[in-house]
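Chain residues, written in single-letter form:
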Amino acid sequence: MNALAYGAGLAGSQFNPINFVQRPQVILRVLCWLFAVIVFGCISAEGWIEDKCSYNSNSNACNFGVGIGVIAFLLSIGFIVLEGMFENISSVKIRRRAVLLDLAISAIWGFMFFVGFCYLSDAWRKSNYPKGGYGVNNLRAAIAFSFFSIFVWAGCAFLAFQRYRQGVDSTFAPSYEADPNAVPGDIQFGGYPDGPDINEAYQEPPFSTGSQSEKFPPGTSNAFQQPTY
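Residues numbered from 1 in each chain as written. Predicted model: local features only at pLDDT ≥ 70, side-chain atom pairs only at ≥ 80, totals over all residues. Heavy atoms only, no water.

Enquirer: Explain the side chain of Ser 76 here, please?
Expert: As for its position among the elements, Ser 76 is in helix 3 (residues 59–85). Classification of Ser 76 by relative accessible area gives buried; the value is 0%. Those residues within four positions of Ser 76 in sequence are excluded, and the remaining contacts are Arg 29, Cys 32, Trp 33 and Trp 153. (Helix = DSSP H or I, 4+ residues; strand = E, 2+ residues; numbered from the N terminus. Buried < 20%, exposed > 50% of the residue type's maximum accessible area, 1.4 Å probe, protein only. Contact = heavy atoms within 4.5 Å.)

This is the structure we're talking about:
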């Protein structure tokens, strides 16, 4: 695995609420939260008549619809909070586990709403029409938004899967950019100053290397001459 995978770099970027609410993950989570409220709210409000479930007098159908709705409501809030904290999680392992948890739960709850939609639809098909049409709109709304919830939870699972596959991405490490080949703590040193060119010609010494006759004018005795015998 790449050393920078899943946000191994420095975390702690400043929270921006405008950018936060514009994230696709947050938008889908808000829809999950809203649809869950509608599902369990509609069933709880008018899903019972004289302690009998309006879905073919099947109390399990009402309880199942309320149960998956309430749990989806709580999960949606939890994942919205997690998304807000995600940028400040510096641990690679914790980020990876958070993404995998998001992927698994979103996929499972998308399946649960599929089961709930089929269960409530079949129970409503077998039901007698309530007297005076009591609760009909709420009962149908619960079925419809159970169906819509399948797609929003599947969308959350898809985004989590994309995030997992990206590994190294600005989503994981938005505040860290570095050379992947660099060693942590490595310091770049400048080059040594250039020395003299070895091929450079030597300068002529300050004193002439000519003959002694050039140093002493004619007629001048040279005290350093060797005596002749």
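Enquirer: I keep staring at the side chain of Asp 102 and nothing clicks. Help me out?
Expert: Positionally, Asp 102 belongs in helix 4 (residues 92–126). For Asp 102, a relative accessible area of 11% gives the class buried. Within polar-contact distance, the side chain of Asp 102 engages the side chain of Arg 29 at 2.2 Å. (Polar contact = N/O pair within 3.5 Å; in protein donor to acceptor, adjacent residues only side chain to side chain.)

Enquirer: Looking at this structure, how should I read the packing of helix 2 (residues 24–46) against helix 5 (residues 136–166)?
Expert: Relative orientation and spacing of two packed helices are given, respectively, by the angle between their axes and the distance between those axes. In the contact formed by helix 2 and helix 5, the axes pass within 8 Å of each other and the chain directions differ by 155 degrees. Between helix 2 and helix 5, the crossing angle belongs to the class labelled roughly antiparallel. As for how helix 2 packs across helix 5, the hand of that crossing is left-handed. (Axes fitted to C-alpha atoms, helices over the stretch in contact; angles between N-to-C directions. Parallel < 35°, antiparallel > 145°, perpendicular 65-115°, else oblique. Left-handed = near helix turned anticlockwise from the far one by under 90°.)

Enquirer: How should I be thinking about the confidence of the model for the chain in this particular structure?
Expert: Parts of the prediction with low pLDDT should not have their coordinates interpreted in detail. The pLDDT averaged across the chain works out to 78; a share of 67% of its residues lies at or above 70. A low-confidence stretch, residues 1–10 stays under pLDDT 50, and its non-local contacts, those more than four residues away or across chains, total 27 contacts. A low-confidence stretch, residues 170–192 (pLDDT under 50), is modelled with 27 contacts involving residues beyond four sequence positions or located in other chains. (pLDDT = per-residue confidence, 0-100.)

Enquirer: When you look at a nonpolar patch on the surface in this model, what are you seeing that I'm missing?
Expert: On the surface, Val 30, Trp 33, Leu 34, Ile 77, Val 81 and Met 85 cluster together into a nonpolar patch covering about 500 Å² of accessible area. Counting only elements with at least two residues in the nonpolar patch, the list comes to helix 2 and helix 3. In this structure, Trp 33 sits in helix 2. Looking at Trp 33, the relative accessible area reads 33%, which means it is partly exposed. (Patch = residues over 30% accessible without salt bridge, like charges linked within 9 Å, V, L, I, M, F, W, Y side chains within 5 Å. Areas by Shrake-Rupley, 256 points an atom, 1.4 Å probe, with all protein chains shown as cover. Salt bridge = Lys/Arg side-chain N within 4 Å of Asp/Glu carboxyl O.)

Enquirer: I'm lost on the pattern of salt bridges in this one. Help?
Expert: Where charged atoms of side chains with opposite charge meet at close range, the side chains can pair. By the definition in use, this model includes five salt bridges. With a shortest N-O distance of 3.2 Å, Lys 126 and Asp 122 are connected by a salt bridge. With Lys 126 and Asp 122 both in helix 4, this residue pair falls four residues apart, about one helical turn. Through salt bridges with shared partners, a single network forms among Arg 23, Glu 83 and Arg 163.

Enquirer: Hey, could you run me through empty space enclosed by the protein in this one?
Expert: It is a probe the size of a water molecule, rolled over the atoms, that shows where empty space is left. For the structure shown, the criterion picks out two cavities of 30 Å³ or more. Of the voids in this model, the largest cavity is the one considered here, and its volume is about 90 Å³. What lines the largest cavity is Gln 25, Arg 29, Phe 79, Leu 82, Glu 83, Phe 86, Ala 98, Val 99, Asp 102 and Arg 163. Considered class by class, the residues forming the lining of the largest cavity number five nonpolar, one polar and four charged. Reported here for the second largest cavity is a volume of approximately 30 Å³. What lines the second largest cavity is simply Gln 25, Val 99, Asp 102, Leu 159, Ala 160 and Arg 163. Listed by contribution, the elements that provide at least two residues to the lining of the second largest cavity are helix 4 and helix 5. (1 Å grid on protein atoms, 1.4 Å probe; cavity = no way out; pocket = protein on both sides within 12 Å on 5 of 7 lines; lining within 4 Å. Points joined across faces, edges and corners; volume = space filled by probe spheres on them. Nonpolar A, V, L, I, M, F, W, Y, C, P; charged D, E, K, R; others polar.)

Enquirer: Would you mind going over helix 3 with me for this structure?
Expert: For an α-helix, 3.6 residues make a turn, and residues three or four places apart therefore share a direction. Here helix 3 spans 39 Å end to end across 27 residues, near enough to the 39 Å set by a 1.5 Å rise per residue. When we look at burial in helix 3, the residues that qualify are Ala 61, Cys 62, Gly 65, Ile 68, Gly 69, Ala 72, Ser 76, Phe 79, Glu 83 and Gly 84. The elements touched by buried residues of helix 3 are helix 1 (17–21), helix 2, strand 1 (48–49), strand 2 (52–53), helix 4 and helix 5. (Expected span 1.5 Å × (residues − 1).)

Enquirer: What is the right way to read the nonpolar core from this model?
Expert: Across soluble globular proteins, you tend to see nonpolar side chains buried next to one another. Membership of the largest hydrophobic core comes to 28 residues, with the highest contact counts inside it found for Ile 43, Tyr 55, Phe 113 and Trp 153. Among the elements that take part in this core, helix 5 stands out by supplying 10 residues, more than any other. Excluding its chain neighbours within four sequence positions, the residues that come into contact with Phe 113 are Val 39, Ile 68, Ala 72, Ser 146, Ser 149, Ile 150 and Trp 153. (Core = buried A, V, L, I, M, F, W, Y, C linked by side-chain atoms within 4.5 Å.)

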